[in-house]
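# Per-entry structural report
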Amino acid sequence: MIPLFSDVAMNKNLDFLGAVKKVLDRHWYVLGEEVTGFEAEFAAYVGVEHCVTMANGTDAIEIALRSVGVERGDSVVTVANAGFYSSTAIHAIGATPLYVDIDPSSMTMSVEALSEALKHKPKCVIVTHLYGQLADIKELLALAHAAGVKLIEDCAQSHGAQRDGRQAGSFGDVACFSFYPTKNLGALGDGGAVVTNNEELAARLKTLRQYGWSSKYHVGHAGGKNSRLDEMQAAILRIKLPLLDAWNAARRDIAFRYNAAFADLGFEALPSVDESYAAHLYVARIQNRDALREFLKSQGVTTDVHYPVPDHQQAAYTEPHVVGSMEVTESTCKNLVTLPCFPGMTDEAVETVITAVKKYFEQ
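Residues numbered from 1 in each chain as written. Predicted model: local features only at pLDDT ≥ 70, side-chain atom pairs only at ≥ 80, totals over all residues. Heavy atoms only, no water.

### Observations concerning the overall build of the protein chain
- Across its full length, the protein chain holds 13 helices and 15 strands.
- On C-alpha atoms alone, the protein chain measures out to a radius of gyration of 20 Å, which is about the 21 Å that the 2.2 N^0.38 rule sets for 363 residues.
- Taking all 363 residues of the protein chain together, the buried fraction comes to 56%.
- Considering only contacts in the protein chain between residues 6 or more positions apart, those separated by 24 or more positions represent 70%.
- Of the charged side chains in the protein chain, 32 are positive and 44 negative; the average position of the first set lies 4 Å away from that of the second. (Helix = DSSP H or I, 4+ residues; strand = E, 2+ residues; numbered from the N terminus. Rg over C-alpha atoms; globule rule 2.2 N^0.38 Å. Buried < 20%, exposed > 50% of the residue type's maximum accessible area, 1.4 Å probe, protein only. Contact = heavy atoms within 4.5 Å. Lys, Arg positive; Asp, Glu negative; His and termini not counted. Charge placed at Lys NZ, Arg CZ, Asp CG, Glu CD.)

### Some thoughts on the packing of aromatic side chains
- Tallied over the entire structure, the rule returns 16 aromatic pairs.
- With centroids separated by 5.5 Å and ring planes inclined at 85°, the aromatic side chains of F42 and F179 adopt a geometry described as edge-to-face. Here F42, found in helix α3 (residues 33-46), pairs with F179, found in the loop between β8 (174-178) and β9 (192-196); they are 137 residues apart in sequence, far enough to count as distant.
- On the basis of relative accessibility, which here comes to 0%, the residue F179 falls in the buried class.
- Centroid distance F84 to Y317: 5.6 Å. Interplanar angle 25°. Geometry classified as stacked. Pair noted here: F84 is in the loop between β2 (75-79) and α5 (85-93) and Y317 is in the loop between α11 (289-298) and β14 (321-322), with a separation of 233 residues, a long-range link.
- Overall, Y317 belongs to the partly exposed group, its relative accessible area being 36%.
- A network of ring pairs unites the aromatic residues Y258, F262, F267, Y282, F295, Y360 and F361 as a single cluster. (Phe/Tyr/Trp six-rings, centres within 6.5 Å; stacked < 30°, edge-to-face > 60°.)

### Observations concerning the side chain of S276
- With respect to the helices and strands, the residue S276 is situated in the loop between β12 (268-269) and β13 (282-285).
- Only 3.3 Å separates the side chain of S276 from the side chain of Q133, close enough to count as a polar contact.
- Look past the residues within four positions of S276 in its chain and what remains in contact with it is G132, Q133, L134, A161, Q162 and R163. (Polar contact = N/O pair within 3.5 Å; in protein donor to acceptor, adjacent residues only side chain to side chain.)

### Focus on the layout of surface pockets
- Size it by volume and the largest pocket reaches roughly 510 Å³.
- Considering the residues around the largest pocket, the lining is formed by 31 residues, among which Y85, Y180, T182, K183 and H280 are closest to the centre.
- For the lining of the largest pocket, the elements supplying multiple residues, two or more each, are α4 (57-67), β8 and β15 (336-339).
- Looking at the lining of the largest pocket, its residues break down into 16 nonpolar, 11 polar and 4 charged.
- If you add up the space inside the second largest pocket, you get close to 170 Å³.
- Forming the walls of the second largest pocket are R66, G69, V70, E71, R72, I93, R204, L208, H221, A222 and G223.
- Residues that form the lining of the second largest pocket fall into these classes: 4 nonpolar, 3 polar and 4 charged. (1 Å grid on protein atoms, 1.4 Å probe; cavity = no way out; pocket = protein on both sides within 12 Å on 5 of 7 lines; lining within 4 Å. Points joined across faces, edges and corners; volume = space filled by probe spheres on them. Nonpolar A, V, L, I, M, F, W, Y, C, P; charged D, E, K, R; others polar.)

### Quick word on the sheet that holds β15
- The strand order across the open sheet formed by 3 strands is β12-β13-β15, and the pairing between neighbours is antiparallel. In this open sheet, the two edge strands, each paired with only one partner strand, are β12 and β15.
- With 2 bridges joining them, β12 and β13 adopt antiparallel strand pairing. Each bridged residue has a counterpart across the sheet, and for E268 the counterpart in β13 is R285. (Pairing = 2+ DSSP bridges.)

### Focus: unusual backbone geometry
- The linkage connecting H306 with the following residue, Y307, adopts the cis geometry, with an omega of 15°.
- Following the sequence through the fold, Y307 ends up in the loop between α11 and β14.
- Located in the positive-phi region is F84, a residue other than glycine, with phi close to 75°.
- Given the relative accessible area of 14%, F84 is considered buried.

Below is the structure:
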């Protein structure tokens, strides 16, 4: 069976034991040399001044929201097709997600929809670079800042994507990353980070990730959490970071081959396979996707759906706040299918996927 993702393939030939042994030999496991080293290296990679690591990507979003002043009762503009992760963080604060529709091509936040939502005077905007595809970040940022609203980039799926020489995470007021094992840059457990060029925000982030301490055991800031990346995960990430660009190129190459092979089959895939797409997931839209998924399963190809239920239709929250039509979001979630696409995927495996998809359409 061809998996959707293989950590065996991605981590092949990497020496993690040496990195872990360094941590064990130091007997210092939280907020030590490895965390400090990784934070400096990742900030340099993204092209920002500050990186503050966290326990996971969802904590990173919540703490980023708090750092820019989001409080209970505030509204935060976000999209509804990105797996409820931003929504979880917004609800954790007691704020309200204000959902807007997506662009039909990129499946990221619509510029026109944000323009309309800003009339409702939100406190903040979260722009998700979904599937590894950079959103129209410059236009979205210009709109938000013109309205006096902070913008957070959600880069959980876009490590290494870039446009005009700038990395995902270098545009917004702050930007959040996840290092979950399946991410383009993944640890061997949970991990996250917030990056920024703002020194004041960076100081606030460091305070909020550790109980809200102004000094040890003195809580000077409300809303703090216990959310720290451990030394072993930081050591693993330092090994992987230099390989990220090559891994992204491998992902894009697979996506390019899929796009070329499926061009006449009625797939609606992300149109770009340039550097603005880190190819975290290869996602396409197709009518009757469940029939395709069942057929591919019979051919030994694993698929998934990212994501089947829009945030504003989740059962736990029965009175969602939306701005305008959510037509593109809702139709997209009904038609999505995700195919295997990961570094270390063999040419044979890629051809097997291509052959199976073509066989389905030739029935």
